[in-house]
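As a plain string of letters, each chain reads:
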Amino acid sequence: MSEVIVVTSGKGGVGKTTTSAAFATGLAMRGHKTVVVDFDVGLRNLDLIMGCERRVVFDIINVIQGEANLKQALIRDKRVENLSILPASQTRDKDALTQDGVEKILNELREMFDYIVCDSPAGIERGAQLALYFADQAIVVTNPEVSSVRDSDRILGVLASRSQRAEQGRTPVKEQLLLTRYDAGRVERGEMLKVEDVQDILAIPLLGIIPESQSVLSASNQGVPVILEEESTAGKAYSDAVGRFLGEDISHRFMVAEKKGLFSRLFRGAA
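Cut-offs used in this document
- Residue numbering note: each chain is counted from 1, following its sequence as written.
- In view of the model being predicted, local features appear only for residues whose pLDDT reaches at least 70, and side-chain atom pairs are presented and counted only at 80 or more, with totals across whole chains, interfaces and linings using the full set of residues.
- Excluded from the side-chain calculations are hydrogens and water; all other atoms, namely the structure's heavy atoms, are used.
- Starting at the N terminus, helices and strands are each numbered in turn, a helix being any DSSP run of H or I of at least four residues and a strand any DSSP run of E of at least two.
- Throughout, the radius of gyration refers to the C-alpha atoms, and the reference size of a globule is 2.2 Å times the residue count to the power 0.38.
- To sort residues, take the accessible area from a 1.4 Å probe on protein chains only and compare it with the maximum for the residue type: under 20% means buried, over 50% means exposed, and anything in between is partly exposed.
- Pairs of strands are assigned from DSSP output, requiring at least two bridges between the strands.
- Every residue pair with non-hydrogen atoms within 4.5 Å of one another is taken to be in contact.
- Angles shown run from 0 to 180 degrees and are taken between the N-to-C directions of axes, each axis being a line fitted to C-alpha atoms and, for helices, limited to the stretch in contact.
- An angle below 35 degrees is read as roughly parallel, one above 145 as roughly antiparallel, one from 65 to 115 as roughly perpendicular, and any other as oblique.
- Less than a right angle of anticlockwise turn of the near helix away from the far helix marks a crossing as left-handed, whereas a clockwise turn marks it as right-handed.
- What a helix should span is 1.5 Å times the count of its residues minus one.
- Here the arc refers to the directions that run from the helix axis out to each C-beta atom.
- Put simply, buried Ala, Val, Leu, Ile, Met, Phe, Trp, Tyr and Cys residues joined by side-chain atoms within 4.5 Å make one nonpolar core.

J.: Which residues make up the overall build of the protein, and what are the values?
T.: Looking only at helices and strands, the protein has 13 helices and eight strands in total. By the compact-globule yardstick of 18 Å for 271 residues, the protein fits well, its C-alpha radius of gyration being 19 Å. In terms of principal-axis extent, the alpha carbons of the protein reach across some 65 × 40 × 35 Å. For the protein, the residues scored as buried account for 52% of the 271 residues in total.

Structure representation (structure tokens):
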């Protein structure tokens, strides 16, 4: 049975779209038929990170308004088998997203895919509400900063009270935490929250820790999901997170700052 996974946060700029692209790619690489859906109508960044912006002809709003069918709007990834993208509109208003329209699309996608990864806008505006409403599972993305964690706590409240599962009295949305842009050195210096501090505040299981990495920006600029950058720390961390999501027993990495060797300390002093 297919599942709808929403990638969400209360604050913008924490790495939701990077996470959606990497996570969907990772699931597909493990043999699961996966589609990633962009709910950020008006901005539409997912297709850029996935490297398929020139292939967008129809989008989710075209499908909702009957201007195209779902198969016309879906874009198959050229690098990873089993992976497809449903882009958002860059020109329409967010109000063009309707609950009935989104539900119809998700029901069709459930017949075609094992996992439906929804890239939600930040906060609780229209696109975010609809992405959250139909979720079976939620990956809550946050940075180790007080404001980011506080806003994520607000999103957990929305998931608990406004999802379809909550309305129908069904099993709650399964929530998991993904901590992004984690810099162990800054944590040691007291400039960022510790993993344990974030967990104490949000009180949901930890899915993964994504270290601060230049490879994230580099991959995004190239239109490549960072999980395909297999030698990068961020790529490895996303791969670990996907494995944990699928039930694999994988220890958390990148929680401790690298100790500088003698030569690196000498060169840093010389600089």
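We are not done yet, so read on.
J.: Break down the pairing of strand S8 (residues 206-211) for me, with residues and values.
T.: With respect to burial, S8 is a largely interior element, six of its six residues being buried. Here strand S7 (residues 174-182) pairs with S8 via four bridges, running parallel. Across the sheet, Leu179 pairs through a bridge with Ile209, a residue of S8.

J.: I'd like a description of the side chain of Ser89, backed by residues and values.
T.: Relative to the assigned elements, Ser89 resides in the loop between strand S4 (83-86) and helix H5 (99-112). When near neighbours in sequence (up to four residues on either side) are disregarded, Ser89 contacts Asp40, Val41, Gly42, Leu43, Arg44, Asp59 and Ile61.

J.: Tell me about unusual backbone geometry, and name the residues and values.
T.: One non-glycine residue, Asn82, lies in positive phi territory at about 80°. You can see Asn82 is positioned in the loop between strand S3 (75-76) and S4. With a relative accessible area of 24%, Asn82 lands in the partly exposed category. Although it is not a glycine, Ala203 sits at a positive phi angle of roughly 55°. Within the secondary structure, Ala203 is located in the loop between helix H10 (195-202) and S8. Taking relative accessible area as the criterion, Ala203 reaches 62% and is therefore assigned exposed.

J.: Give a description of the packing of helix H1 (residues 16-29) against helix H12 (residues 233-245) that names residues and reports values.
T.: Where H1 contacts H12, the two axes come as close as 9 Å, and the packing angle between them is 60°. Comparing their axes, H12 and H1 come out oblique. With respect to the hand of their crossing, H1 and H12 are arranged in right-handed fashion. Between H1 and H12, the contacting residues are Thr18, Thr19, Ala22, Phe23, Gly26 and Leu27 on the first element and Tyr238, Ala241, Val242 and Phe245 on the second.

J.: Now, about H5: what can you tell me, with residues and values included?
T.: Helical periodicity: at 3.6 residues per turn, an α-helix aligns residues three or four positions apart in one direction. The first and last C-alpha atoms of H5 sit 20 Å apart over 14 residues, in line with the 20 Å expected at 1.5 Å per residue. Residues Gly101, Val102, Ile105, Leu106 and Leu109 constitute the buried set of H5. Projected down its long axis, H5 carries its buried residues within an arc of 125°, all on one side. Pointing more than 90 degrees away from the buried face of H5 are the exposed residues Asp100, Lys104 and Glu111. Tucked inside the fold, the buried residues of H5 contact strand S2 (34-38), helix H3 (60-64), helix H4 (70-73), S4, strand S5 (115-119) and helix H6 (126-133).

J.: Pulling in residues and values, what's your account of the nonpolar core?
T.: Within soluble globular proteins, side chains that are nonpolar tend to cluster in buried spots. Grouped together as the largest cluster of nonpolar side chains are 52 residues, with contacts concentrated most on Leu97 and Leu109. Here Leu97 is in contact with Phe39, Val41, Ile60, Ile61, Ile64, Val102, Arg126, Gly127 and Leu130, once residues within four sequence places are set aside. The next biggest cluster of nonpolar side chains, apart from the first, holds 35 residues, and it includes Ala22, Ile85, Ile139 and Ala241.

J.: Can you lay out the environment of Asn82 for me, pointing to particular residues and giving the numbers?
T.: Separated by 123 residues in sequence, Asn82 and Pro205 place their C-alpha atoms 28 Å apart. Look past the residues within four positions of Asn82 in its chain and what remains in contact with it is Ala28, Gly31, His32, Lys33 and Thr34.

J.: Give me the lowdown on the sheet that holds S2, citing residues and values where you can.
T.: Read across the open sheet, the eight strands follow the order S3-S4-S2-S5-S1-S6-S7-S8; overall the sheet is mixed. Strands at the two margins of the open sheet, each flanked by one partner only, are S3 and S8. Sheet topology places S2 next to S5; five bridges connect them, and they run parallel. Note on S5: the bridge partner recorded for Val36 is Val117. Here H10 sits on the sheet and contacts strand S6 (137-142), S7 and S8; the angle it forms with S7, its principal contact strand, is near 150°. The sheet strands contacting H12 are strand S1 (3-8), S5, S6, S7 and S8, and the helix crosses S8 at an angle near 175°.

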